[in-house]
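Structure at a glance
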Amino acid sequence: MVTLVSLLVDTSRRDKTLSMPRKDLFLLIGSKDFPFIYQQTKDSLNLRGTADLILALCKHNRDRASSIIEMLVAAVRKLVLETSQHFLKLLGYLVEMSNTPGAPPFTALVLDKMWLCVESSPLPCLDWLTQQVPRSAEVALWMQQQTYNLDLVEEWLLGHSSARVRLQVANLLASLVPSPYFRQVYRSKSAPLSTVQLQSCHQEAVQQLFKMLLYLIDRAHKYVKHGTDGLVAYFNLMTMCLVSKSEKLMVREHFLDLWRIFQDLSAIEVPINPSKQAVVQFWYHLSKDCSENVDLIVKNEVVSNSIGFCYILADGDIPEVVSFNNRFLYYYYGLLRMCCIRSEAFAQRLALHTNTDFAFKQFLPNSPVYPDVSEELFALLEVFTGRRGSNSPEAIESAKQFRKHIIPLILRDVDGQSWAVWIKLFGTLLQSTDDVMTFVAHDGLTTVTEAFGMLQQMYHEATACNVATELLEVLVTVARLLKVVRHFEQIKPQETRAALEKWAKRMQLAHWLLNFLNPSTVDKIREVCLDILFHLVHLFPSDCVDTLLPVLEHTHRTVKPSGYKVLSGTFFPKKQRSRSVVSSHLGSRRMCELHMHLLPSLLEVEKVVLFCFDSRKSSLCCVRELIKTM
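Owing to the predicted nature of the structure, the values given are computational and were not obtained by experimental measurement.

**Quick look at the overall build of the protein**
Each helix and strand in the protein was counted, giving 35 helices and 2 strands. Out of the 630 residues in the protein, the part that is buried amounts to 52%. Across the protein, contacts joining residues at least 24 apart in sequence account for 75% of those joining residues at least 6 apart.

Structure representation (structure tokens):
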């Protein structure tokens, strides 16, 4: 109906003037409050047709258009959210019609009243502006002019009491960048864009927005204590604006303001502080691939000495705290890592910091719970231990002392059940023979034995778990440890023997190793097991004779050359290449017993013709050498 009415009104126009009976006109516009249009809009009945009717009534009549806009704005201000959205949608249609020939300046009339709507009903009005900015150049220009008023931006982006309003203001400001991809990435809360993903004109818009936001950073510290999420929208928008190194360098003159905000946030002892996370995330991306900004931290004595102090509540029983720590500490420790790589002196100070010990103690044992944090801590550990960073004599000595300090600490807090953690730690911590002996002296062999026990149980019982690679890494580490121990036993026999006596599970390890001596075990694993057994026999001859010899003797006596049923496994000697460690577990049956019998009648050739065949045959026959050693 309303579409027909708008058509009739438009056809009644003569020379820019409506030529229709006053009675009919009164039915449409009433006295002043336009009841017909109001009710049509409130009931959301054909809003597009209602917009056409308003256009037909208001062509060449600015005063009437202004009155209708005032009525619509008043309705938005006084009605509930669900109903007011109908009026906002109608205002959007009118803005689209502003360029129609004869149409009054609907856009200017709407924008003139818009802040009245925002003050009374902020969320729907801000959302309406966010949608209109990309669609209308006139709205975008008006909004750009509003950002010149920093007090107004501060009031809504930082000072408003509602977090949803602050977030919507940030969305509105992001819409000022004429890049759909930028707006999409910002809404999805992804990492900052790169320059190659933005056109030059779009990057200029980003820089203009970023400059405006930077002018507010000296005012942001006032809102640190106004709730734990008061700065989230502001710093998240700032982070998204870091599209290139140019924007990152613009923050240099505001560095002390950023530090002041971080320091004030760190002084607030609450377990979950989203504002602190937003600040650290911004600082992390600000310093990433920008050594100049990292230098601002490490070359400022006050900042470099204080940035390591940060209140952290590591409570694994509260899911919200765990989730917050996993996000916040990833950026925090990543920022510290960049500083350590940049400055040798900073790395040495941080390595001795009490919070560093706290981090390794609390988060490494819980790596599955804190995967992102653990990855950054492993990277930080590589810097402290000398795997990354400077190679100066001072750095090498500092790394040596740190390894001597951290090995007992980690051994005390990370048990053998965390085998995945230890596999990552072995290469980082055990870089020299002194490190190995420190590890052994603090009962590290027991921890490694526990890790191997977990893996061998998974290997034999959970056949769906392909842990052969991890198992081999642990075995190689054990072999390396025992090789160094045998060397030191000749140099420092008393100290070495005292350390070995702490290893109560040594014969348990030997039993586990015997269960891998069968044709179903991949060659590399079996060879390392034999290597470890040889070391055990040399280090603990009496224990091995008492414990292992009866097992070997019993297995030998069970062999009957005639009628013996051969349990040939995947890696029984054959004229073919060995399989890899990983592929050996696909479709193969695994034994958990000592089975190293090789009868002459089972050989495919009478003499060795292939090197790989020879090596595998020798591996199966070397138990004889083990018994001789005993």
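There's plenty left to go through after this.
**Remarks on the packing of aromatic side chains**
Under the criterion given, the structure shown has 26 aromatic pairs. What links up through ring pairs into an aromatic cluster is the set Phe-255, Trp-259, Phe-262 and Trp-283.

**Observations concerning unusual backbone geometry**
Here His-60, not a glycine, exhibits a phi torsion of approximately 60 degrees, which is positive. Among the structural elements, His-60 can be located in the loop between helix H4 (47-58) and helix H5 (62-78). Exposure remark for His-60: the relative accessible area of 44% places this residue in the partly exposed category.

**Brief notes about the confidence of the model for the protein**
Scored by pLDDT, the protein comes out at a mean of 85, with 85% of its residues at no less than 70. In this model residues 581-588 is a low-confidence stretch, pLDDT under 50, and it forms 15 contacts with partners more than four residues away in sequence or in other chains.

**So, the pattern of salt bridges**
Opposite charge on two side chains permits them to pair, given that their charged atoms come into close proximity. Applying the stated rule across the entire model yields 15 salt bridges. Arg-166 is the salt-bridge partner of Asp-229, the closest N and O atoms lying 3.3 Å from each other. Here Asp-229, found in the loop between helix H14 (217-220) and helix H15 (232-240), pairs with Arg-166, found in helix H11 (residues 163-174); they are 63 residues apart in sequence, far enough to count as distant. Overall, Arg-166 belongs to the buried group, its relative accessible area being 4%.

**So, the packing of helix H12 (residues 180-187) against H15**
It is the contact of H12 with H15, at a shortest axis distance of 11 Å, that shows an interaxial angle of 135 degrees. Viewed along their axes, H12 and H15 adopt a mutual orientation that is oblique. Like other packed secondary-structure pairs, H12 and H15 cross with a definite hand, here right-handed. Residues Phe-182, Val-185 and Tyr-186 of H12 touch H15, and the partners they reach there are Ala-233, Asn-236, Leu-237 and Met-240.

**A few points about the side chain of Gln-281**
Relative to the elements of secondary structure, Gln-281 occurs in helix H18 (residues 274-287). For Gln-281, the contacting residues outside a window of four places in its chain are Asn-236, Thr-239 and Tyr-331.

**Remarks on the packing of H18 against helix H21 (residues 319-342)**
One can describe the packing of H18 onto H21 by two numbers: an axis separation of 9 Å at closest approach and a directional angle of 35 degrees. Pair H18 / H21 crosses with left-handed handedness. Of the residues in H21, those in contact with Pro-274, Lys-276, Gln-277, Val-280, Gln-281, Trp-283, Tyr-284, His-285 and Ser-287 of H18 are Phe-324, Arg-327, Phe-328, Tyr-330, Tyr-331, Tyr-332, Gly-334, Leu-335, Arg-337 and Met-338. Counted by class, the contact of H18 with H21 contains 11 nonpolar, 5 polar and 3 charged residues.

**Considerations on the environment of Thr-428**
Its place among the elements puts Thr-428 in helix H26 (residues 419-429). Relative accessible area serves as the criterion here: at 6%, Thr-428 is assigned to the buried category. Distance from Thr-428 to Phe-384, taken between C-alpha atoms, is 9.6 Å for residues 44 residues apart in sequence. Not counting residues within four places of it along the chain, the set of residues in contact with Thr-428 comprises Leu-381, Glu-382, Thr-385, Arg-387 and Arg-403.

**Some words on the state of the cysteines**
A full pass over the atoms with the stated rule returns 0 disulfides. Cys-339 forms no disulfide, and the closest cysteine sulfur to it belongs to Cys-340, at a distance of 6.9 Å.

**Remarks on the environment of Ser-179**
Mapped onto the fold, Ser-179 is located in the loop between H11 and H12. Separated by 22 residues in sequence, Ser-179 and Cys-201 place their C-alpha atoms 9.3 Å apart. Residues within four places of Ser-179 in sequence aside, it is in contact with Leu-198 and His-202.

**Describing helix H28 (residues 444-461)**
Owing to its 3.6 residues per turn, the α-helix brings residues three or four apart onto one side. With 18 residues, H28 ought to run about 26 Å at 1.5 Å a step, and its terminal C-alpha atoms sit 26 Å apart, in line with that. In terms of burial, H28 is largely enclosed, as 13 of its 18 residues are buried.

**So, the environment of Ile-29**
Within the fold, Ile-29 resides in helix H2 (residues 22-29). On the accessibility criterion, Ile-29 (13% relative accessible area) is buried. Apart from the residues lying within four places of it in its own chain, the contact partners of Ile-29 are Phe-34, Pro-35, Leu-57 and Arg-64.

**Things to note about H18**
In this model, H18 (14 residues) spans 20 Å end to end at C-alpha, consistent with the 20 Å of a helix rising 1.5 Å per residue. Where burial is concerned, most of H18 is hidden: 13 out of the 14 residues are buried. Once H18 ends, the next one or two residues include Asp-289, with phi positive near 60 degrees.

Each value, and the rule that gives it
- All residue numbers refer to position in the chain's written sequence, counted from 1.
- Thresholds applied to this predicted model are a pLDDT of at least 70 for local features of residues and 80 or more for the giving and counting of side-chain atom pairs; totals over whole chains, interfaces and linings are not thresholded and use all residues.
- Side-chain metrics in this entry use all non-hydrogen atoms of the structure; hydrogen atoms and water are not considered.
- Starting at the N terminus, helices and strands are each numbered in turn, a helix being any DSSP run of H or I of at least four residues and a strand any DSSP run of E of at least two.
- The buried label goes to any residue with under 20% of its type's maximum accessible area, the exposed label to any with over 50%, and the partly exposed label to all in between, with areas taken from a 1.4 Å probe on protein chains only.
- Contacts: residue pairs with any heavy atoms within 4.5 Å of one another.
- Any two of the Phe, Tyr and Trp rings considered here, Trp counted by its six-membered ring, make a pair once their centres fall within 6.5 Å; the pair's planes then place it as stacked at under 30 degrees, edge-to-face at over 60, or tilted in between.
- pLDDT is defined as a per-residue confidence score from the predictor, taking values between 0 and 100.
- The salt bridge definition used is simple: a Lys or Arg side-chain nitrogen within 4 Å of an Asp or Glu carboxyl oxygen.
- Orientation is described by axes fitted as lines to C-alpha atoms, over the contacting stretch for helices, and by angles from 0 to 180 degrees between their N-to-C directions.
- Angle categories are assigned with fixed cut-offs, so that under 35 degrees is roughly parallel, over 145 is roughly antiparallel, 65 to 115 is roughly perpendicular, and the rest are oblique.
- The crossing is said to be left-handed when, going from far helix to near helix, the turn is anticlockwise and less than a right angle, and right-handed when the turn is clockwise.
- Classification used: nonpolar for Ala, Val, Leu, Ile, Met, Phe, Trp, Tyr, Cys and Pro, charged for Asp, Glu, Lys and Arg, polar for all others including Gly.
- When two cysteine sulfur atoms lie within 2.5 Å, the pair is treated as a disulfide.
- A helix's residues, less one, multiplied by 1.5 Å, set its expected span.

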